[in-house]
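Spelled out, the chains give:
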Amino acid sequence: MTWQFVTQGLYLFLFSASFIKKCHFNDKELESCIRKQIENSLSRFTKGIPELGVPSIDPVQLDDINIDGNGLKLKFAEAAMHGLSNSKLTDLKVDIGSDEEDFNLGFKGNMSLTAKYNIDGKILILPIKGDGDAVVKANNVEVNIQSKLVHVKDSKGRSHLKLITPNYKYDIQSTTFDLKNLFNGNKELAETTLSFANENWRQLMDDLAPPAIKQIVRTVIKAINKFFSKIPIAQMLEGYKDS
Ligand SMILES: *[C@@H]1O[C@H](CO)[C@@H](O)[C@H](O)[C@H]1NC(C)=O
């Protein structure tokens, strides 16, 4: 199931709930009901909900990435990560029973990063130098986020959900780099070097992926919390009473 199909559901459920069943707080099936609602709303969610001030997270705009170590200087500016809205949900666990619960979210997708790059140094033994447009395609990127889900009160005393202290891990199956204008456009040098870089993609991704994934996770958590901050729990769950 892709996020795209599922998001429409939660959105409709929340905002024109008349024909879609709301989850009941006292329902034995509460967890699977919530799960279904989240699945139903994810893809809509990744596109953003302007009415609630929830920004689109496809693409995710990334801060500049600067790597300087192991004899290699690499900078990515104006970077954007595309692909979240076509990711698949691989794990989802959410409880809303008490004031502090666990929340797990896993997703997997093919992501592509576009940026202006600047590279100078060596990959292993091979010199590399250039600047221009970069496209980095990462296949089957799987991200697992583990977080605490707490209840916080708004100024009117209504409880909202909030994700705090998220942890995450990730895995990437393979990556291909396309760096335009390596060596000032010297084709032969560029091709040789690029194919070497692609054979040794892990070397580059070990530096590149952590700052990128960190920002993606932070953006996703922020968007979810924005959404939670706008919708009280009682509005999401029938039968939920603020204590
Ligand atoms: C990523 O792309 C590959 C090749 O097109 C495809 O087999 C795979 O299912 C895709 N992965 C996801 C998570 O969509």
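Quick caveat, the model's predicted, so the values are computed rather than measured. (Residues numbered from 1 in each chain as written. Predicted model: local features only at pLDDT ≥ 70, side-chain atom pairs only at ≥ 80, totals over all residues. Heavy atoms only, no water.)

Asks: Looking at this model, I keep getting lost on the overall build of the chain. Mind explaining?
Replies: In terms of regular secondary structure, the chain is built from five helices and nine strands. Secondary structure elements of the chain, listed N to C terminal, follow the sequence α-β-α-β-β-β-β-β-β-β-α-α-α-β. Its C-alpha atoms give the chain principal-axis dimensions of roughly 65 × 30 × 30 Å. Considering the chain as a whole, with its 243 residues, one finds that 47% of them fall into the buried category. In the chain, of all internal contacts separated by at least 6 residues, the share reaching a separation of at least 24 is 71%. (Helix = DSSP H or I, 4+ residues; strand = E, 2+ residues; numbered from the N terminus. Buried < 20%, exposed > 50% of the residue type's maximum accessible area, 1.4 Å probe, protein only. Contact = heavy atoms within 4.5 Å.)

Asks: I'm lost on the packing of aromatic side chains in this one. Help?
Replies: Working definition: an aromatic ring pair is given by the centre-to-centre distance plus the angle between the planes. Enumeration according to the criterion identifies three aromatic pairs in this entry. A ring pair is formed by F25 and Y240, whose centres lie 5.0 Å apart and whose planes are at 85°; its orientation type is edge-to-face. Of this pair, F25 sits in the loop between β1 (23-24) and α2 (30-46) while Y240 sits in the segment after β9 (237-238), and the two are 215 residues apart along the sequence. Overall, the relative accessible area of 22% leaves F25 in the partly exposed class. Three or more aromatic residues joined by ring pairs form one cluster here, namely F45, F227 and F228. (Phe/Tyr/Trp six-rings, centres within 6.5 Å; stacked < 30°, edge-to-face > 60°.)

Asks: What is the right way to look at empty space enclosed by the protein in this model?
Replies: Space left empty within the atom packing is revealed by a probe, the size of a water molecule, rolled over the atoms. The full count for this structure, using the stated rule, is two cavities of 30 Å³ or more. Size it by volume and the second largest cavity reaches roughly 110 Å³. Looking at the second largest cavity, it is lined by 13 residues, and the ones nearest its centre are M81, L113, A138, M205 and A212. For the lining of the second largest cavity, the secondary structure elements donating two or more residues are β6 (100-123), β7 (126-153) and α4 (201-230). If one sorts the elements of the lining of the second largest cavity by residue count, α4 sits on top with six residues. (1 Å grid on protein atoms, 1.4 Å probe; cavity = no way out; pocket = protein on both sides within 12 Å on 5 of 7 lines; lining within 4 Å. Points joined across faces, edges and corners; volume = space filled by probe spheres on them.)

Asks: Honestly, the environment of D154 in this entry has me stumped. Any pointers?
Replies: Relative to the assigned elements, D154 resides in the loop between β7 and β8 (159-179). A polar contact is formed between the side chain of D154 and the backbone nitrogen of K156, at a distance of 2.9 Å. (Polar contact = N/O pair within 3.5 Å; in protein donor to acceptor, adjacent residues only side chain to side chain.)

Asks: Would you explain α2 in this entry?
Replies: Within an α-helix, residues lying three or four positions from one another point in the same direction, as the helix has 3.6 residues per turn. The first and last C-alpha atoms of α2 sit 24 Å apart over 17 residues, in line with the 24 Å expected at 1.5 Å per residue. Its maximal kink placed at N40, α2 deviates by approximately 30°. Here α2 has its buried residues at L30, C33, I34, Q37, I38, E39, S41, L42, S43, F45 and T46. Taken from the residues just after α2, G48 is the one with a positive phi, measuring 95°. (Expected span 1.5 Å × (residues − 1). Bend = angle between axes of the 7 residues up to and from the residue.)

On their own, these measurements won't tell you what the molecule is for.
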